[in-house]
Each structure stands twice: as C-alpha cells, then as structure tokens.
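Structural features, examined
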Amino acid sequence: MHSRRVVLLAALAALPCTATAAVVRIESAEVGPHAEATARVVPLPHRWAGPGDAAPADRWYRMEVDLRASRELHAVVLHDVAMNAEVYWNDTRLGDGGRFDDPISQNFQRPLRFRIPAALVRPGANELLVRVATAPHFYGWLGPVDVGPDEALAAAFERERAWRTALPQARSVLGLVVALLAAAFFVASRDPLYGWFGASILCSTLGGLNLHVRDPPMSTQAWARLVQMAVAVSPLLFVPFAHRLAGVRRPRIERAVTAAAGAVVLLAVVVPPASFLPVFTALHLPALVVGLYGLSVLGAHLWRSSRAERVVFSATAGLLLAFAAHDIAVQFGERQGAPRYANPLGMPVLFVTFGGLVTLRFVRVFRRAERQNEELEERVREKHAELEAQFERLHLLEQERAIGQERERMMREMHDGLGGRLVEALSLAEDAEASRDEIAGSLRGSLDEMRLLVDSLDPLTDDLAVLLASIRERLEPGLRRRGIELRWEVEALRDLAHLGPSERLHVLRIVQEAFTNVLKHADASRVTLRASRAGDSVRIE
C-alpha cells in the first residue's frame, strides 16, 4: 500500500497547478469512490453526480501540494463544492462543512476554508484528501482548490464569502422588509396591488434562501421542493401586480397565471425525486417568459411617464434580463463548473426599483386620500353650517308661531272673559237704576279677570301652588272681613309641563268661581281648599 501511495504522489506531481504569491491553485485531482481507490485523474471543476443518482457514493479527491518549509499558518480553500466536504492533510483531519446525513449541509454557494497547523506542513510534497458528499438526486461537484499561507488567502476568501453568502443574506433581509411593507400597505389601503407585490417578493425571497442557508430546517428533498416552487411561482404572482400598477385589466391572463401557480405547487408535491430537478429546471424558462411579459406591461406603462422613470426602468429591465439569462444558462448546464447565480445581484435592483414605484404609488394614493378627506371635511362643515342656519330659521319661525298663537289666545281670552265683564260694567254704568255697589262689583270682577289672565302668563314659575297662592292673597282679606275662616291645604305642584298658560288660566278661573259661589250662595263660616298631585294629575277640592 505504501509503494502504491508513492507511485500516486509521483503521478500527481505532473498534474497542472498554478501559483501566485505562494498560493497554489489546484486544477486537477485523482478521484475515486474511496480514499484508497483514487486512480482516475479529472480536471477541476468536476461534476460527478446528478438527478439520476438515487444513492450517490461519496467521492474522494486526492491532490499533491508542494510547499516550502515554513512556520506560518497555511490554509486550504474550497471555492465550489456540492454539497458538503471533509478535508484531510497528510492523513490528519482538518474539518468539514457541516452535516453529512439528511438534511446534508449545503455549501454549493459558499467557499470553505480549513486552516493547516504549521506542524503538519512538510517541506516538499504534501497530500491533500477531500471527501465530497451530496444528497440523492442532487448534483455533486468539486471546484478548484487553493492552498497557501492563511494570511495570503484570508482577504480573498472573505471577499468571496461576502459576495456569495453575505450578499444573498442581505438580499433576503431586504426582501422580507419589502414584503412586510407591502403587507402593511395592503392592510392600510386594501389595494390588491400591494398584496400581489408582497406575495411575489416573499416567494422570491424564499427562493433565495437556498443561496445562503447552510443547514435547512427540513429534509434536503423537502427544502429543495419548497425553494424551487417559490422560484417558479414568484414571476407568476408578479403579473397581477404589473397589471394593477399599469392600470391594465386582463382577467383571463390573471386567472391563467393563478392556475399555473397552483399547478406549480401541485407539481412540487407530486413529482418523483428523480424527475424533480429536471422538471423544475425546465419550468424556469417559461417562468422567465411570464416575468418578461410582466416587465413588458410595466415598460409600456412607464414609457408614458417621466424620462427619469423610463431610464430607471430600462436599466433595471436590462440588468434583470442579463442576470436571468445567466442563471438559466447555469441551470441548463451551459456554463461549466459550479453554479454561481446572479439572482442575488438582480433582486436588490428589483426591490429598489419596484419597491420605489410601489411606495411612490402608495404616497400618491395617500395624498389623494388626504385631499379627499379635507374636501369631505370642508363639505361636512359647510353642510353643518347650512343645517345650523336652517335650524336657527326654524327656531325663529317656531318662536314667531308660538308668539302668534299666544297673542291669539290672549285676544280670545280677553274677548271672552275680560271683555264680557267690561261690557257688563258699562251696561250697569249706563243704567240709571244701577247702584254704585253693583257697578263697583262688576268692575272688581273685571279687575280679577285681568289679574287671572296676567298670573297665568307668568313664565317664572312652574309650580301651580304658587299661582293658587296669588288667588289666596286676593281673596283671604275679603273672607276675613265676612268672618269666614280659610283653611289652605295645598301641596307643592311642580313640573306640570302639560299645563300651559291656557290650562293654568282655566284652573284659576275654576277656583275663583268656586270661592265666588261660596260667598254668594253659602252661609259658610269656614272654607277649605285642598290641592294634591297623583302622577301627572292634580286634584283640587
């Protein structure tokens, strides 16, 4: 076995490598299914598994690295690997990229760096062994490998990791924020435009998680189905948003894309694992066509807008088309090596452009609603002022009507009561046979009638007992002169709203007439007046 390894290492010395500033770029390696069976030399990047492999075996890549003796820390950088890797240096394990069982850690979009302790670096030939594993029915590959001083590799590694991992992470955060803003706009305005836009952005964001999430929260197969379904559905949901933003009504197309979105979700559930990636890779092309249709609708709409909007939209559409063509070429294998997607670059541009358009639309709608509210408030104020003026006019008319009715009542009472008594007094005065006492009695009756009329009009009291007391005040001295005792048993008679001036006058006349009859026809020594209340009724005896 030792002699075999010596032969292999001698053969690896002839494999192509490039070196820059003490960094060795390895572009070929021996590959095999086991660590001890690496006999075939392949160029890197090397793709060895695909959708048809139900149980892909791990691949072991053996490489020889010629380094000078050094005390500085070295490192190994794997730029492209699917899906996970484990690294050995001179038979010493350096580490791995995460889980190897399901769900396997997904490192196809992130570079891996493994530090080599200085004690493990030999002067001359060193053996690098890389184990690569993938999930059933998924691609497996290994890209070029860099070996060199850790300090020389660190800066480039961090830039690459930021470009390929941090940027997709930022894109996901931005997408989530935009989706939440769209949801808030939808709740505030109930405009379906924001609902469609938020749903499209949310699906696009969900599809981009695959570019930076290393350890999925579910099985590898389930995670891939969720992500690919979201990627295919996102442009379908973009179409209704484009229609509404452009003011276009095409219900048949919207029903078609909605049905297509439902079909994509169903396919993501029922397609067999061996066919899943080929089917959804093929779906990306028609999804791109649907997305281009949505962009064309918006382009036709924005072309009639300001020049700045046309320029921004044209630049955005051009970038999105270039990025989409690149990613489609990667999906169909037209670009060699590991896939480096341009999607993380395109989505922030899309978010900023259409997010700005949606926000601008919301601001315009909000301002229009504010203006409408101000106009409505002004109209309400005008109507309120008109109603107040009408109410004031009605109040004045009601007062005038009440005054007229009261004047008419007074004229009638004066004619029927006081007028009759004055006529009687005048008749007696003209009668030569009438005595002075008869004339004086008639005039006193007229005066009493006038006093009753005036008392009934008193607006300062609502207590009937007070009005009755005015009669007592006038009658009691006369009764006392005649030796008649007056007993007054009158309760408080307040809040009798149904007794108006006319009704109160009738009550006072009845009471006064009763006393007059007592004086004329009864030989009484005592007169008792009782007045009590039972609900809204008054009893006088």
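For the structure itself, look to the data block above.
Just so we're clear, the structure is a prediction, and the values are computed from it rather than from any experiment. (Residues numbered from 1 in each chain as written. Predicted model: local features only at pLDDT ≥ 70, side-chain atom pairs only at ≥ 80, totals over all residues. Heavy atoms only, no water.)

With respect to helix H3 (residues 192-208)
Our working definition: Under the DSSP-based scheme used, a helix requires at least four consecutive residues in state H or I and a strand at least two consecutive residues in state E, with every element numbered from the N terminus. In a helix, the anticipated span is given by 1.5 Å times the number of residues less one. Three exposure classes are used, based on accessible area relative to the maximum for each residue type with a 1.4 Å probe and protein chains only: buried under 20%, partly exposed in between, and exposed over 50%.
Between the first and last C-alpha of H3 there are 24 Å, a value that for 17 residues agrees with the 24 Å anticipated at 1.5 Å per step. Among the residues of H3, Leu193, Tyr194, Phe197, Gly198, Ser200, Ile201, Cys203, Ser204, Thr205, Gly207 and Gly208 are the ones counted as buried.

Section: a negative patch on the surface
Heads up, the condition is: Put simply, a patch holds well-exposed residues, over 30% relative accessible area, that have no salt bridge, with like charges counted together within 9 Å and Val, Leu, Ile, Met, Phe, Trp or Tyr side chains within 5 Å. Method for areas: the Shrake-Rupley scheme with a 1.4 Å probe, in which residue coverage is limited to the protein chains shown. We define a salt bridge as a contact between a side-chain nitrogen of Lys or Arg and a carboxyl oxygen of Asp or Glu at a distance within 4 Å. Under the convention used here, Asp and Glu are negative, Lys and Arg are positive, and both His and the chain ends fall outside the count. Note on charges: their place is set at NZ of Lys, CZ of Arg, CG of Asp or CD of Glu.
Together, Glu370, Glu374, Glu375 and Glu377 line one region of the surface with negative charge. Inspection of the secondary structure assignment puts Glu374 in helix H8 (residues 343-430). With relative accessibility at 53%, the residue Glu374 sits in the exposed group.

Brief notes about the nonpolar core
The line we're drawing: For the purposes of this section, nonpolar cores are sets of buried Ala, Val, Leu, Ile, Met, Phe, Trp, Tyr and Cys residues that join through side-chain atoms within 4.5 Å. What makes two residues a contact is simply this: any of their non-hydrogen atoms within 4.5 Å.
Counting residues in hydrophobic clusters, the biggest one holds 29 residues, and the most contacted among them are Tyr61, Trp89, Leu128, Val130 and Val147. With four residues, strand S6 (residues 59-67) is the single largest residue contributor to this core. With residues near it in sequence (within four places) discarded, Val147 still touches Ala22, Val23, Val24, Ile26, Val65, Leu67, Ala75, Val76, Trp89, Ile116, Leu128 and Leu153.

With respect to the sheet that holds strand S17 (residues 537-540)
Test applied: Pairing between strands is defined by DSSP: at least two bridges between the two strands are required. To define axes, lines are fitted to C-alpha atoms, for helices over the stretch in contact only, and angles between the resulting N-to-C directions are given on a 0 to 180 degree scale.
Taken together, three strands build an open sheet; the order of strands is S15-S16-S17 and the sheet is mixed. Sheet topology places strand S15 (485-490) and S17 at the edges, where each strand pairs with a single neighbour. Averaged over all pairs of adjacent strands, the angle between their axes in this sheet comes to 10°, without regard to strand direction. Looking at chain direction, S15 and strand S16 (residues 526-534) are connected through six bridges and run parallel. Each residue of the ladder has a partner; that of Arg487, found in S16, is Thr528.

Some thoughts on the packing of helix H4 (residues 220-246) against helix H6 (residues 273-302)
Rule in force here: Angles are sorted into four bins: roughly parallel if under 35 degrees, roughly antiparallel if over 145, roughly perpendicular if 65 to 115, and oblique for all others. Handedness of a helix crossing follows the sense of rotation of the near helix relative to the far helix, less than a right angle counterclockwise being left-handed and clockwise being right-handed. In this classification, the charged set is Asp, Glu, Lys and Arg, the nonpolar set is Ala, Val, Leu, Ile, Met, Phe, Trp, Tyr, Cys and Pro, and all remaining amino acids, among them Gly, are polar.
Packing of H4 against H6 leaves a shortest axis separation of 9 Å and a crossing angle of 15°. One finds that H4 runs roughly parallel with respect to H6. Here H4 runs over H6; the crossing is left-handed. Looking at the contact of H4 with H6 residue by residue, the class counts come to 21 nonpolar, seven polar and one charged.

Some thoughts on the packing of helix H5 (residues 251-270) against H6
Contact pair H5 / H6: the axes reach a minimum separation of 13 Å and the direction vectors enclose 160°. Considering the angle they form, H5 stands roughly antiparallel to H6. Both H5 and H6 take part in a crossing whose hand is left-handed. Across the interface between the two elements, Ile253, Val257, Val264, Leu267 and Ala268 from H5 touch Phe280, Leu283, Val290 and Tyr293 from H6. Across the contact of H5 with H6, the residue classes break down as nine nonpolar, no polar and no charged.

Let's talk about the packing of aromatic side chains
To keep it simple, the criterion reads: Only rings of Phe, Tyr and Trp enter the pairing, Trp through its six-membered ring, and a pair is recorded when the two centres are within 6.5 Å. The plane angle decides the type: under 30 degrees is stacked, over 60 is edge-to-face, the rest tilted. A ring is considered to have a charge above it if a Lys NZ or an Arg CZ atom is located within 6 Å of its centre and within 35 degrees of its normal.
Overall, the coordinates contain five aromatic pairs when judged by the stated rule. For the pair Phe238 and Phe241, a centre-to-centre distance of 5.5 Å together with 55° between the ring planes defines the contact as tilted. Of the two residues, Phe238 and Phe241 both sit in helix H4, three residues apart, roughly one turn of that helix. Considered together, Phe238 and Phe241 belong to a single accessibility category, that of buried residues. Among the aromatic residues, those joined into a cluster by ring pairs are Phe197, Phe238 and Phe241. Positioned above the aromatic ring of Tyr139 is the side chain of Arg47, whose terminal nitrogen or guanidinium carbon lies 4.8 Å from the ring centre.

This is a description of form; function is not addressed.
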